[in-house]
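Observations on chain architecture
This is what each chain is made of:
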Amino acid sequence: MPSRKFADGELVRGRWPGSSLYFEVEILSHDSSSQLYTVKYKDGTELELKESDIKPLTSFRQRKSGSTSSSPSRRRGSRSRSRSRSPGRLPKGSRRSASASHQASVKEMRKEVLEVKLTPLVLKPFGNSISRYNGEPEHLERNDIPLKSTQEKFHLPQESSYVSTQYSLRPRREEIKLTEIDSKEEKIVTKAPPLARTGEVTGTRTKDWEFGGAPGAFLIMLGLPPFLFLLLLMCQQREPSLLNFPPPLPALRDLWETRVFGVYLLWFLLQTLFHLLPVGKVVEGMPLADGRRLKYRLNGFCAFILTSAVVGASVFWGVELHYVYRHFLQFALAATVFSVALSVYLSVRARKAPREELSPASSGNAIYDFFIGRELNPRIGTFDLKYFCELRPGLIGWVLVNLVMLLAEMKLQNRATPSLAMILVNSFQLLYVVDALWNEEAVLTTMDIIHDGFGFMLAFGDLVWVPFVYSLQAFYLVGHPNEVSWPVASLIIALKLCGYVIFRCANSQKNAFRKNPTDPKLAHLKTIHTSTGKSLLVSGWWGFVRHPNYLGDLVMALAWSLPCGFNHILPYFYVIYFTLLLIHREARDEHQCRKKYGLAWEKYCRRVPYRIFPYIY
């Protein structure tokens, strides 16, 4: 096996692919099989180079002169110039024109291969979209206008940046002169309109829109509420089959009740009060684009305990929880109206939000931004609206709805105790919610918090979809009882615990590694270094599949539906929906990570080929 010439950590000069220019790089690693060196440029770019493309620093002669030309006739100290030596010189007695002199000097300057550097040309930001290669922004839009800035120190935040750049490969001493020349070679661009300068994205700006862009977002917003009510109405049918679709639709006036809306507002305000209590530790979130870290108070589990105490006291004092079951559709409509009103408020306030507080997913399109959310972290003082809605009213409300369904089953079916199927569904989902609230800090690293804005998508999802769709199994069992034997229940419990172990262990391993990658307990884990300064786990749970937490989630979802039996597909809607949701979310994660980590992510994908389901997908 041939010996390597350069050691890890050594500073050398590496040739830029496709050119004869050499830049200072650091040796990161060496692959003995392919004989390729992984090197890191000063701007953070990581590439694999052959040994022949790498030279020691000592092999480059440092220029002592301040001259801008290597022509012998232009060296410092030579006061006279030989006319015969200049290739562009006209015969004696003739003076070169200004343009001819300019052409000759440009040719000479372009031949220089002296000491060079990567000089990023900073562009005015258009919205919050980032295009990354190997962890650093790289893409330059045709309609972007570069600032007149050369030889300036350029720092990018480690996590993200909202500035696009293009590297200018130029001799160090000619950068200032050639900036003006290069600008003539580019296509003529127009001045950015006012919207682009205030953080909006113009129609000429290419943008990776999700969910089918503005038309798709509009159709989703239009279709989700009716679809929700169709699901709930089918659950109320004695035979909820496709042959009885669509179910009888009630009049709109029968769905709206002011008293129900008032009760829902009271629930929301109660959770707000619990959230504002000065209990629980305060932690910092992920770094924002400007380097700031917002502070969050973790008291979700305390809010859950207080809510349980309030509900228990209410039942003790004679409050009838069956009221929620009898007005379940009205509560769903009240939550829908509230989420739409909240989305309108968020859209209006986001118009005045500073550019640095906008979401990376925002586009400048009114419809799309209303859906995806324009402002990343809308706050009223220290009260973070998105973070609050993510875990409190909807998630804790989900447990309350399940309890209401358990009591309704006992009352309507004249049972002294709940059915085993209902107990399994309530217990499984209670464990899931308690786990989320106990590990509340983990939500701060999710895509919902760090990438998506707060708009209709999250408002409707958190406040309506979670409590009224995730409780579909319990709602179904009220009108469609299913007897489960203990041997079958044992198998379902084993499946649930298997999914929970995968889910919790994978998330715990990820969070522990993010907090302290040098923890001795994680020393056995293998990693891949990235240009962002972070590393990717390629062993343990994260070497099994790329998203083991998603796999555990889906196994648990299946365990939630099995107690309902196999008479109808309706209780399995959650499994089907959740599978599609996580596959779509995995594709979004894949897109973001590929831009962020570049070659390191491609290497990780080769090491861990399966995304969610081992040997399947």
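In this report, the structure presented in the accompanying data block is examined. Note that this is a predicted model, so its numbers are computed, not measured. Here the residue numbering is sequential within each chain, running from 1 through the sequence in written order. Per-residue local features of the predicted model are confined to residues with pLDDT of at least 70, and side-chain atom pairs are confined, for both listing and counting, to 80 or more; whole-chain, interface and lining totals are unaffected and use all residues. Values reported for side chains reflect all heavy atoms of the structure, with hydrogen atoms and water molecules removed beforehand.

Quick word on the sheet that holds strand β4 (residues 46–50)
Note on pairing: DSSP must find at least two bridges between two strands before they are called paired. Comment: elements are numbered from the N terminus, with helices defined as DSSP H or I runs of at least four residues and strands as E runs of at least two. On the basis of which strands lie adjacent, the open sheet formed by five strands has the order β4-β3-β2-β1-β5 and antiparallel pairing. The sheet terminates laterally at β4 and β5 (54–56), the two strands that pair on one side only. Going from strand to strand, the sheet's axes swing by 50° on average, the running direction of each strand aside. Alignment of strand β3 (residues 36–41) against β4, held across five bridges, turns out to be antiparallel. As a rule, the C-alpha atoms of each element are fitted with a line to give its axis, helices using only the stretch in contact, and angles between N-to-C directions run from 0 to 180 degrees.

Section: the pattern of salt bridges
When a carboxyl oxygen of Asp or Glu lies within 4 Å of a side-chain nitrogen of Lys or Arg, that pair is called a salt bridge. Taken as a whole and judged by the stated rule, the model has 13 salt bridges. Taking the shortest distance from any N to any O, the salt bridge between Glu441 and Lys281 comes out at 3.7 Å. Of this pair, Glu441 sits in the loop between α13 (420–438) and α14 (447–450) while Lys281 is found in the loop between α6 (258–276) and β10 (282–284), placing the two residues 160 residues apart along the sequence. Buried means the residue's accessible area, taken with a 1.4 Å probe over protein chains only, is under 20% of the maximum for its type, while exposed means over 50%, and partly exposed covers the values in between. We classify Glu441 as partly exposed; its relative accessible area is 24%. Since its relative accessible area comes to 51%, Lys281 is described here as exposed.

Overview of the packing of aromatic side chains
The geometry of an aromatic ring pair comes down to the distance between the two centres and the angle between the two planes. Two rings from Phe, Tyr or Trp (for Trp, the six-membered ring) form a pair when their centres are within 6.5 Å of each other. A pair whose planes differ by under 30 degrees is stacked, one over 60 is edge-to-face, and the rest are tilted. Per the counting criterion, the structure on display carries 37 aromatic pairs. Each ring, one from Trp16 and one from Tyr41, has its centre 5.1 Å from the other, and the planes form 75°; the classification is edge-to-face. Taken together, the residues span a long stretch of sequence, with Trp16 in the loop between β1 (11–15) and β2 (22–31) and Tyr41 in strand β3 at a distance of 25 residues. The exposure class of Tyr41 is buried, given its relative accessible area of 2%.

Thoughts on the packing of helix α4 (residues 213–236) against helix α15 (residues 456–469)
Look at α4 against α15: their axes get within 12 Å of each other, and the N-to-C directions meet at 5°. Judged on the interaxial angle alone, α15 and α4 are roughly parallel. Where α4 abuts α15, its residues Met221, Leu224, Pro225, Phe227, Leu228 and Leu232 lie against Phe456, Phe460, Val464, Trp465, Phe468 and Val469. Any angle that falls under 35 degrees is termed roughly parallel, while one over 145 is termed roughly antiparallel, one within 65 to 115 roughly perpendicular, and all others oblique. A contact between two residues is defined here by any heavy atoms of the two lying within 4.5 Å.

A closer look at unusual backbone geometry
With a phi angle near 55°, Asn414 is a residue other than glycine that sits in the positive phi range. The exposure class of Asn414 is exposed, given its relative accessible area of 69%. One non-glycine residue, Tyr615, lies in positive phi territory at about 65°. Assignment of secondary structure puts Tyr615 in the segment after α20 (599–607). Residue classification places Tyr615 among the exposed residues on the basis of a relative accessible area of 69%.

So, a positive patch on the surface
Surface patches are defined over residues having more than 30% relative accessible area and no salt bridge, joining like charges when they lie within 9 Å and nonpolar side chains (Val, Leu, Ile, Met, Phe, Trp, Tyr) when within 5 Å. In these tables, accessible area is a Shrake-Rupley quantity obtained with a 1.4 Å probe, and a residue counts as shielded only by the protein chains included in the view. Only four residue types enter the charge count, namely Lys and Arg as positive and Asp and Glu as negative; His and the chain termini do not. A charged residue contributes its charge at one atom only: NZ of Lys, CZ of Arg, CG of Asp or CD of Glu. Taken together, the side chains of Lys526, Lys603, Arg606 and Arg607 make up a positively charged region of the molecular surface. Tracing the sequence through the fold places Lys526 in the loop between α17 (486–515) and β14 (527–529).

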